[in-house]
Amino acid sequence: MKKHALAAVVLTVAGLVIAGSAPAQASVAPTLPAGQDFFAAACDNIRPQLTRVDTTNGNATLVGNANDGSCAGNAAVNPDDGLVYLAYSDPGSTSIATVDPKTGVFSLIARTFGAYSMPGFTITKDGNAFFFSGPQLNSLDLSTASATAVGTGLGVSPDVMGYNRIDDKVYAFSWDSGTSTFLAYAVNTSTGVATADSAHNITMANYSYNGNTGYNLNSVESMTFDGNGNPWFVGDNFQAELMVADFATGSATFVGEITNATIRTSAPHAFHTQSIFIVAATPRSSALPDTGSRAIALVSTGTIAAGLLAAGAIALIIVRRRKTTT
C-alpha cells in the first residue's frame, strides 16, 4: 500500500510539473499591456490631431492639434530615446516632427519632398529609422529627413511594416487575397531584403459593423507592436478599423472602429488615420522590454513547478528513511 501511495504522490507531482510548464494556449484576443497607451493621429483636411484610443472599443479622446499641415502619415516610437516621430503632409512636401503624447504638440524637425506618408515608418532599438516605397526599403535620417535606399529591393511590396522589440526584428506584411492572409516577412535592414516568415502570417478575422456582416480587414494603413510583441493594425475598408493579432498564433481579432465625434460629426466612419503608435504610460528602460503578463506567468509557473518538484523529492526521501529505520 505504501508503494502505491508513494507512486500516486510522485505521479501527481510530475503531472502538475508538466502541466505547469506547458505553454498556455491563447483563448482570448490579446489586450494592450498594462502601463501602455495607444494613440492615433487623424488624417483629414485639417491640422493633424492626436487622440488617445481605448483599445477595448475604439473610442478616441482628443489630446491636441499640430500647428500646421494636414494629413498625418505613419508614426514610430524611437526605443533609443522614447521620442515619438511622425510624418505629415504639407502643400508639396512631407514634414518630419516629434509629437508629445501628453499634449499633442508637434515639433517640426525638417521638411522633405516625396515619400508622402512614409509607409512602414519604423525605428529600431538603435535609433535607426526606415520606411518603404513600393518594394524598396529606405533608411531615414531623423535629424534632416533625408532618405537613402537600402539594397536593391525587398522582393515584395508590403502593406505595412513595424519593429518588434521583443525579438529585435522588423516585420513587413503583405495581403494575399488567395488565402485571406497577411503574409509575414522578416526584413533585413542591412541588406534591404525581406524573407518570408510563414510562422507569423496573420489571418484577419471577419467582423460585422452597423448590422452588416462578413467584412474582412484586407486593406491596412498602419501597424504597431505592443510591449508583449503583438501587432495592432488599422484599416480603411470604412475608416480606421482596429484589429489586434496574437503574434504566436497568427489569429487576429476585430476590436472596433476608431471614432471621435469632436473631430468629425458625420459618424459612423468619421475618423481616418494612417498613424498609430503605442507608448509606455510610465518611463521604462528600453534595454528591458515590457513582456507583460506572459513573463509574469512564466516566472510564476516555473516557480510553482520547481516547488512541486522539490516537494516530491522531499516526500520520497522521507519515505525511504522511514523504510530504512523500520
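Residues numbered from 1 in each chain as written. Predicted model: local features only at pLDDT ≥ 70, side-chain atom pairs only at ≥ 80, totals over all residues. Heavy atoms only, no water.

Undergrad: Which residues make up the environment of asparagine 188, and what values do they have?
TA: Structurally, asparagine 188 can be placed in strand E14 (residues 181–188). Using a relative accessible area of 36% as the deciding quantity, one classes asparagine 188 as partly exposed. Considered as a pair, asparagine 188 and glycine 151 are 37 residues apart in the sequence and their alpha carbons are 9.8 Å apart. In this structure asparagine 188 touches Leu137 and Val193, once residues within four positions along its chain are discounted. (Helix = DSSP H or I, 4+ residues; strand = E, 2+ residues; numbered from the N terminus. Buried < 20%, exposed > 50% of the residue type's maximum accessible area, 1.4 Å probe, protein only. Contact = heavy atoms within 4.5 Å.)

Undergrad: Just give me the short version of the sheet that holds strand E23 (residues 273–280), but keep the residues and values in it.
TA: If you trace the four strands from one edge of the open sheet to the other, you get E3-E2-E1-E23, paired in antiparallel fashion. Both outer strands of the open sheet, strand E3 (60–65) and E23, are each paired with one neighbouring strand and no more. Going from strand to strand, the sheet's axes swing by 30° on average, the running direction of each strand aside. Sheet analysis places strand E1 (residues 36–42) next to strand E2 (residues 49–53), joined by four bridges and oriented antiparallel. Following the sheet pairing, alanine 40 is matched in E2 by threonine 51. (Pairing = 2+ DSSP bridges. Axes fitted to C-alpha atoms, helices over the stretch in contact; angles between N-to-C directions.)

Undergrad: An account of the side chain of asparagine 164 is requested, with residue identities and associated values reported.
TA: As for its placement among the helices and strands, asparagine 164 is situated in strand E12 (residues 160–164). A distance of 3.4 Å separates the side chain of asparagine 164 from the backbone oxygen of glycine 229, its partner in a polar contact. For asparagine 164, the residues in contact, after removing those within four places along its chain, are Lys169, Tyr171, Phe225, Gly229 and Phe247. (Polar contact = N/O pair within 3.5 Å; in protein donor to acceptor, adjacent residues only side chain to side chain.)

Undergrad: Outline the sheet that holds strand E11 (residues 147–150), listing residues and values.
TA: One open sheet accounts for four strands, arranged E8-E9-E10-E11; its pairing is antiparallel. Sheet topology places strand E8 (122–123) and E11 at the edges, where each strand pairs with a single neighbour. In terms of strand pairing, E8 meets strand E9 (residues 129–133) through two bridges, oriented antiparallel. From the neighbouring strand, threonine 122 faces E9, where its bridge partner is phenylalanine 130.

Undergrad: Break down the packing of aromatic side chains for me, with residues and values.
TA: Aromatic ring pairs are reported here in terms of the distance separating the ring centres and the angle at which the planes meet. In the structure shown here, the tally under the stated rule is eight aromatic pairs. Note on tyrosine 171 and phenylalanine 247: the rings are 5.0 Å apart at their centroids and 80° apart in plane angle, and the pair reads as edge-to-face. With tyrosine 171 in strand E13 (residues 169–176) and phenylalanine 247 in the loop between strand E21 (241–246) and strand E22 (251–257), the pair connects residues that are 76 residues apart, well separated along the chain. Like phenylalanine 247, tyrosine 171 is buried. An aromatic cluster is defined as three or more aromatic residues linked by ring pairs; in this entry it consists of Phe173, Trp175, Phe182 and Phe233. (Phe/Tyr/Trp six-rings, centres within 6.5 Å; stacked < 30°, edge-to-face > 60°.)

Undergrad: Any details on the pairing of E23? Residues and values, ideally.
TA: Within E23, seven of the eight residues are buried, leaving the element largely enclosed by the surrounding structure. Alignment of E1 against E23, held across seven bridges, turns out to be antiparallel. Opposite phenylalanine 38, over in E23, you have isoleucine 278 as the bridge partner.

Undergrad: For the pattern of salt bridges, give the residues involved together with the corresponding values.
TA: Throughout the structure, instances matching the rule amount to one salt bridge. For aspartate 168, the salt bridge goes to lysine 125, with nearest N and O atoms at 3.5 Å. Taken together, the residues span a long stretch of sequence, with aspartate 168 in the loop between E12 and E13 and lysine 125 in the loop between E8 and E9 at a distance of 43 residues. Under the relative-accessibility criterion, aspartate 168 is labelled partly exposed at 37%. By relative accessible area, which is 41% here, lysine 125 ends up partly exposed. (Salt bridge = Lys/Arg side-chain N within 4 Å of Asp/Glu carboxyl O.)

Undergrad: Could you give me a rundown of the confidence of the model for the protein chain, with the residues and numbers involved?
TA: Put simply, the protein chain has an average pLDDT of 75, and 65% of its residues get 70 or more. Across the protein chain, element-level confidence peaks in strand E15 (residues 193–196) with a mean pLDDT of 98 and bottoms out in helix H1 (residues 2–21) with 36. Throughout residues 282–326 the model reports pLDDT below 50, and contacts reaching past four residues in sequence, or to other chains, amount to 38 contacts. (pLDDT = per-residue confidence, 0-100.)

Undergrad: Pulling in residues and values, what's your account of unusual backbone geometry?
TA: Its identity is not glycine, yet alanine 145 carries a phi of approximately 70°, on the positive side. Looking at the secondary structure, you find alanine 145 in the loop between strand E10 (136–140) and E11. For alanine 145, a relative accessible area of 3% puts it in the buried group. In the Ramachandran plot, serine 180 falls in the positive-phi region, its phi being about 55° despite a non-glycine side chain. Mapping serine 180 onto the fold places it in the loop between E13 and E14.

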